[in-house]
Amino acid sequence: MHDLRLEELNAKNAVAANGLTLKRGQDAFLVPASNEAYVDQSSTWTRVVYAGDDLVAYIMANFDPEAGAEEYRCSVLRMHVAATAQGQGVGTYAVDQVAEEGKRRGFEALYAIWEQGELGPEPFFTAIGFEVVGETEFGESIGRRAL
């Protein structure tokens with residue numbers, strides 16, 4: 001997909017971000033339970049991705065060097081890519097932008113946590129360089145990608 005750009009989530013694009021339509025069955029994998037339990041919402045970084053004039057993805061990351069668990073210091077918390085934009089590099093672009101921001105802030109690794117399952121995001125994350133390094137107390141996979 002060409003002409004991808006990142007913008008901060010704001011009042012003008014929030015409705016479109018909330019209206020992204022995922023592929024059938026993917027909504028079950030949107031927010032791992034552990035994200036809500038361990039993340040200080042004041043340290044989140046929310047962005048949307050546009051392809052031309054179309055909003056095609058939303059990503060929320062966390063940058064908190066003081067987080068108690070390493071996997072929440074520099075991490076992808078949520079990502080929604082429109083069904084029509086999946087498989088076209090949008091998710092990779094979004095995660096790469098988080099990785100660049102993490103590097104800029106001095107982090108050495110980017111983490112992601114996801115629910116396991118047939119329609120879950122594990123194949124995506126492992127394809128873009130994440131290695132499964134453990135599980136949360138809720139049974140979710142913890143992936144790590146070196147920066």
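What counts and how
Residues numbered from 1 in each chain as written. Predicted model: local features only at pLDDT ≥ 70, side-chain atom pairs only at ≥ 80, totals over all residues. Heavy atoms only, no water. Pairing = 2+ DSSP bridges. Helix = DSSP H or I, 4+ residues; strand = E, 2+ residues; numbered from the N terminus. Axes fitted to C-alpha atoms, helices over the stretch in contact; angles between N-to-C directions. Contact = heavy atoms within 4.5 Å. Salt bridge = Lys/Arg side-chain N within 4 Å of Asp/Glu carboxyl O. Buried < 20%, exposed > 50% of the residue type's maximum accessible area, 1.4 Å probe, protein only. Core = buried A, V, L, I, M, F, W, Y, C linked by side-chain atoms within 4.5 Å. pLDDT = per-residue confidence, 0-100. Phe/Tyr/Trp six-rings, centres within 6.5 Å; stacked < 30°, edge-to-face > 60°.

Asks: How should the sheet that holds strand β7 (residues 141-146) be read in this particular structure?
Replies: Paired through their backbone hydrogen bonds, the strands of a sheet run either parallel or antiparallel. Across the sheet, which stays open at both edges, the 7 strands sit in the order β1-β2-β3-β4-β5-β7-β6 with mixed pairing between neighbours. The outermost strands of the open sheet, each flanked by one partner alone, are β1 (4-8) and β6 (131-135). Averaged over all pairs of adjacent strands, the angle between strand axes in this sheet comes to 30 degrees, irrespective of strand direction. Pairing of strand β2 (residues 44-51) with strand β3 (residues 54-63), which is carried by 8 bridges, proceeds in the antiparallel orientation. Bridge pairing in β3 places Tyr50 opposite Leu55. Of the strands in this sheet, β1, β2, β3, β4 (74-81), β5 (109-114) and β7 are in contact with helix α3 (residues 90-104), which crosses β3 at around 35 degrees.

Asks: What should I look at first to understand the pattern of salt bridges in this one?
Replies: Pairing is possible between side chains of opposite charge, provided their charged atoms come close. In total, this model carries 5 salt bridges according to the counting rule given. Here Arg105 makes a salt bridge to Glu101, at a shortest N to O gap of 2.8 Å. Owing to a relative accessible area of 39%, Arg105 belongs among the partly exposed residues under this scheme. When its relative accessible area of 13% is taken as the criterion, Glu101 is described as buried.

Asks: Is there a simple way to think about the nonpolar core in this case?
Replies: Side chains that are nonpolar tend, in soluble globular proteins, to be buried together. Val49, Val90, Val98, Leu110 and Phe125 are the most contacted members of the largest nonpolar core, which totals 27 residues. Elements supplying a minimum of two residues to this core: β2, β3, β4, α3 and β5. No other element matches the 6 residues that α3 contributes to this core. What Val98 contacts, discounting residues up to four positions off in sequence, is Trp45, Ile59, Ala61, Phe63, Val76 and Leu110. Membership of the second largest hydrophobic core comes to 13 residues, among which are Val48, Leu55, Ala109 and Tyr111.

Asks: Is there a simple way to think about the pairing of β2 in this case?
Replies: Within β2, 7 of the 8 residues are buried, which leaves it mostly tucked inside the rest of the structure. In terms of strand pairing, β1 meets β2 through 5 bridges, oriented antiparallel. Paired with Glu7 across the bridge in β2 is Val48. Where β2 folds back on β3, the antiparallel hairpin that results is connected by 2 residues, among which Gly52 adopts a positive phi of roughly 65 degrees.

Asks: Just checking my understanding: could you explain the confidence of the model for the protein chain for this structure?
Replies: Any region with low pLDDT has predicted coordinates that should not be read closely. Summary statistics for the protein chain give a mean pLDDT of 85 and a share of 83% for residues scoring 70 or more. Mean pLDDT in the protein chain bottoms out at helix α2 (residues 33-38), which sits at 46, and peaks at α3, which reaches 97. Long-range and interchain partners of residues 32-37, a stretch whose pLDDT sits below 50, account for 19 contacts in this model, where long-range means more than four residues apart.

Asks: Honestly, the packing of aromatic side chains in this entry has me stumped. Any pointers?
Replies: Aromatic ring pairs: the centre-centre distance and the angle between the two ring planes describe each pair. Using the criterion set out here, one finds 5 aromatic pairs in the structure. When the ring of Trp45 is compared with that of Phe63, the centres are 5.8 Å apart and the planes differ by 80 degrees; the resulting orientation is edge-to-face. Of this pair, Trp45 sits in strand β2 while Phe63 is found in strand β3, placing the two residues 18 residues apart along the sequence. The pair Trp45 / Phe63 is uniform in exposure class, with both members buried. Seen in terms of ring centroids, Trp114 and Phe125 are 5.0 Å apart; in terms of plane orientation they differ by 10 degrees. Their pairing is stacked. Note that Trp114 is positioned in strand β5 and Phe125 in helix α4 (residues 122-127), a separation of 11 residues in sequence. The burial state of Trp114 is the same as that of Phe125; both residues are buried. Following the ring pairs from residue to residue traces out a cluster consisting of Trp114, Phe124, Phe125 and Phe130.

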